[in-house]
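Analysis of the macromolecular model
Below, each chain spelled out in residue letters.
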Amino acid sequence: MKRLLVIIALSMALLPLDGAARTIADFFASEPGNVFPLLTRTNRLDLVDYYNSGQTVAVPNNLGGTSQLEALDSAYLKLQTSGSKVVEMRMLTTGSRDTVMVVIETVLTPVPDSKLTLWNSKWQMLRTDRHFKMPGIDDFIVKKMPRELRADLQDAMIFPLIQLTFKGDRRLQVEATHGLEQFLAPSEFKRFAPYLKPSITYRMSGTKIKPVK
């Protein structure tokens, strides 16, 4: 009985503690399928192994297509999950055990459109609106746009198509761009172009993602 207790104690000691995973690859492997439903844990481990060995290999996914890692370091990864979707992840650590993943999922057709979510180390989704406010088309309009033209743009753009991606050497910035040039006819876009910001940059500080002023 005493020997059994010792074995159990040793086994428990070898289990990873909550939040103990130190790289983005650890979290990528442990994600339960809410972000990466097309890939099994084995698929993901294969992708990481291939990338770390200097190979860019596409592995089969659950839709019968392929997925491929495009970038990976200790805190960031970019994965082409299918022909029409890209997922980026950036790990943020605000304390010794307080780790948050920022996930950007971008659908590539017909015009790139993204959503951003935040997750804790147990892969529980956090309240995104407490950390980041997703921009709309109005956020790209400069103040001097005539009121009538603004109304025309709002009528033309029934729903926003905003692409997000991580930027910067350490990818601690998020860049938002609109898809108006791709969505609108060239003659129509030409009317609005002088009054539009090409992009909005956000900086990550702690777990807050705020626009750079």
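As the structure is a prediction and not an experimental result, all values here were calculated from the model. (Residues numbered from 1 in each chain as written. Predicted model: local features only at pLDDT ≥ 70, side-chain atom pairs only at ≥ 80, totals over all residues. Heavy atoms only, no water.)

1. Brief notes about the pattern of salt bridges
Summed over all chains, the structure comprises 9 salt bridges. D73 serves as the salt-bridge partner of R171, at 3.8 Å between the closest nitrogen and oxygen. Taken as a pair, R171 in the loop between strand 7 (162–167) and strand 8 (173–178) and D73 in the loop between strand 2 (66–72) and strand 3 (76–82) lie far apart in primary sequence, 98 residues in all. On the accessibility criterion, D73 (39% relative accessible area) is partly exposed. A salt bridge links K115 to E105, with the nearest nitrogen and oxygen atoms 4.0 Å apart. Taken together, the positions of K115 in strand 6 (residues 113–120) and E105 in strand 5 (residues 99–107) put the pair 10 residues apart, joining distant regions of the chain. Judged by relative accessible area, K115 falls into the partly exposed class, the value being 47%. Members of the salt-bridge network, linked through shared partners, are K85, E105 and K115. (Salt bridge = Lys/Arg side-chain N within 4 Å of Asp/Glu carboxyl O. Helix = DSSP H or I, 4+ residues; strand = E, 2+ residues; numbered from the N terminus. Buried < 20%, exposed > 50% of the residue type's maximum accessible area, 1.4 Å probe, protein only.)

2. Details of the side chain of S114
As for its position among the elements, S114 is in strand 6. Separated by 2.9 Å, the side chain of S114 and the backbone nitrogen of L164 make a polar contact. (Polar contact = N/O pair within 3.5 Å; in protein donor to acceptor, adjacent residues only side chain to side chain.)

3. Quick word on the side chain of S82
Turning to its location among the elements, S82 is positioned in strand 3. Overall, the relative accessible area of 16% leaves S82 in the buried class. In this structure the side chain of S82 is engaged in a polar contact, spanning 3.4 Å, whose partner is the backbone nitrogen of K85. Filtering out sequence-adjacent residues up to four positions away, S82 remains in contact with L38 and T66. (Contact = heavy atoms within 4.5 Å.)

4. Comments concerning the sheet that holds strand 3
Spatial ordering of the open sheet is given by 1-2-3-4-5-6, a layout of 6 strands whose pairing is antiparallel. Every interior strand has two partners, whereas the edge strands, strand 1 (59–60) and strand 6, have only one. Relative to strand 5, strand 4 (residues 85–93) is paired through 9 bridges, and the arrangement is antiparallel. Among the inter-strand pairings, M91 is bridged to a residue of strand 5, identified as M101. (Pairing = 2+ DSSP bridges.)

5. Regarding the environment of G168
Within the secondary structure, G168 sits in the loop between strand 7 and strand 8. Each C-alpha atom, one on G168 and one on R203, is 9.8 Å from the other, the two residues being 35 residues apart in sequence.

6. Notes on the sheet that holds strand 7
A sheet is described by the order of its strands in space; here 4 strands give the open sequence 7-8-9-10, paired in antiparallel fashion. Of all strands in the sheet, those with a lone pairing partner are strand 7 and strand 10 (208–211), marking the two edges. This sheet shows a mean twist of 25° between the axes of neighbouring strands, independent of strand direction. Pairing between strand 9 (residues 199–205) and strand 10: 4 bridges, direction antiparallel. (Axes fitted to C-alpha atoms, helices over the stretch in contact; angles between N-to-C directions.)

7. A short note on the nonpolar core
Grouped together as the largest cluster of nonpolar side chains are 32 residues, with contacts concentrated most on V102, L116, L153, L164, L180 and I209. Elements that contribute at least two residues to this core include exactly strand 5, strand 6, helix 4 (147–156), strand 7, strand 8, helix 6 (186–192) and strand 9. If sequence neighbours within four positions are ignored, I209 has contacts with V102, L116, H131, F132, V174, Y202, R203 and M204. A25, V48, V59 and V103 belong to the second-largest nonpolar core, a separate cluster that totals 22 residues. (Core = buried A, V, L, I, M, F, W, Y, C linked by side-chain atoms within 4.5 Å.)

8. A few points about the packing of aromatic side chains
In this structure the tally under the stated criterion is 4 aromatic pairs. Measuring from ring centre to ring centre gives 5.9 Å for Y76 and F166, while their planes differ by 85°; the resulting arrangement is edge-to-face. With Y76 in strand 3 and F166 in strand 7, this residue pair connects regions lying 90 residues apart in the sequence. Judged on exposure class, the residue Y76 and its partner F166 are both buried. (Phe/Tyr/Trp six-rings, centres within 6.5 Å; stacked < 30°, edge-to-face > 60°.)

9. Topic: a positive patch on the surface
Taken together, R130, K208, K210 and K213 make up a surface patch of like positive charges. Looking at the secondary structure, you find K213 in the segment after strand 10. Judged by its relative accessible area of 95%, K213 falls in the exposed class. (Patch = residues over 30% accessible without salt bridge, like charges linked within 9 Å, V, L, I, M, F, W, Y side chains within 5 Å. Areas by Shrake-Rupley, 256 points an atom, 1.4 Å probe, with all protein chains shown as cover. Lys, Arg positive; Asp, Glu negative; His and termini not counted. Charge placed at Lys NZ, Arg CZ, Asp CG, Glu CD.)

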